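Descriptive structure summary
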Amino acid sequence: TVNMKAGKNATQLLGGLNPSYQFMVNSGKPGSCTAGTGVVLGTWYELNTTSRPVCTNLSYVSDGNQLNVSISLGIPSDAPAANATDQIEFSGDRSA
């Protein structure tokens, strides 16, 4: 299982009214990944500080083990001018 979480949520990272901090997961190659619980491949989800399984079965086959993750930032017009940083953490566990 591959899990993903951020160090901040949209409000903490961007500020302003209705900021958006999202991710989308897709298999890099057909059959590379089985979506995690509550995740549909190719769908945008809010990224936050809660660890979330994004892929429950990342293939071990060398030609079929790619996971693509896209990040989207929706910066509101009233967001404060600032340098903003965050860390996105991926963790995994392997079944025996």
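Residues numbered from 1 in each chain as written. Predicted model: local features only at pLDDT ≥ 70, side-chain atom pairs only at ≥ 80, totals over all residues. Heavy atoms only, no water.

What links the strands of a sheet is backbone hydrogen bonding, and the strands pair in either a parallel or an antiparallel sense. Spatial ordering of the open sheet is given by β4-β1-β6, a layout of 3 strands whose pairing is antiparallel. The open sheet has two edge strands, β4 (52-55) and β6 (88-92), and neither has a second partner. For this sheet, the mean inter-axis angle between neighbouring strands, taken without regard to orientation, is 35°. (Pairing = 2+ DSSP bridges. Helix = DSSP H or I, 4+ residues; strand = E, 2+ residues; numbered from the N terminus. Axes fitted to C-alpha atoms, helices over the stretch in contact; angles between N-to-C directions.)

This part covers the sheet that holds strand β3 (residues 45-46). With antiparallel pairing, the 3 strands of this open sheet are ordered in space as β3-β2-β5. Where the open sheet ends on each side, the last strands, each with one partner, are β3 and β5 (67-74). Examined bridge by bridge, strand β2 (residues 20-27) and β5 share 8 bridges and lie antiparallel to one another. Bridge pairing in β5 links S20 to G74.

Okay, the pairing of strand β1 (residues 2-6) next. Counting buried positions over the 5 residues of β1 gives 4, a clear majority of the element. The sheet contact formed by β1 and β4 spans 3 bridges and is antiparallel. Of the residues in β4, the one forming a bridge with N3 is P53. Judged from the 5 bridges that link them, β1 and β6 form a sheet pairing that is antiparallel. (Buried < 20%, exposed > 50% of the residue type's maximum accessible area, 1.4 Å probe, protein only.)

Before going further, it helps to examine the packing of aromatic side chains. Overall, the coordinates contain 1 aromatic pair when judged by the stated rule. Note on F23 and Y45: the rings are 5.9 Å apart at their centroids and 35° apart in plane angle, and the pair reads as tilted. One end of the pair, F23, is in strand β2; the other, Y45, is in strand β3, and 22 residues separate them in sequence. Here the basic side chain of R52 rests over the ring of Y45, its NZ or CZ set 4.7 Å away from the ring centre. (Phe/Tyr/Trp six-rings, centres within 6.5 Å; stacked < 30°, edge-to-face > 60°. Lys NZ or Arg CZ within 6 Å of the ring centre and 35° of its normal.)

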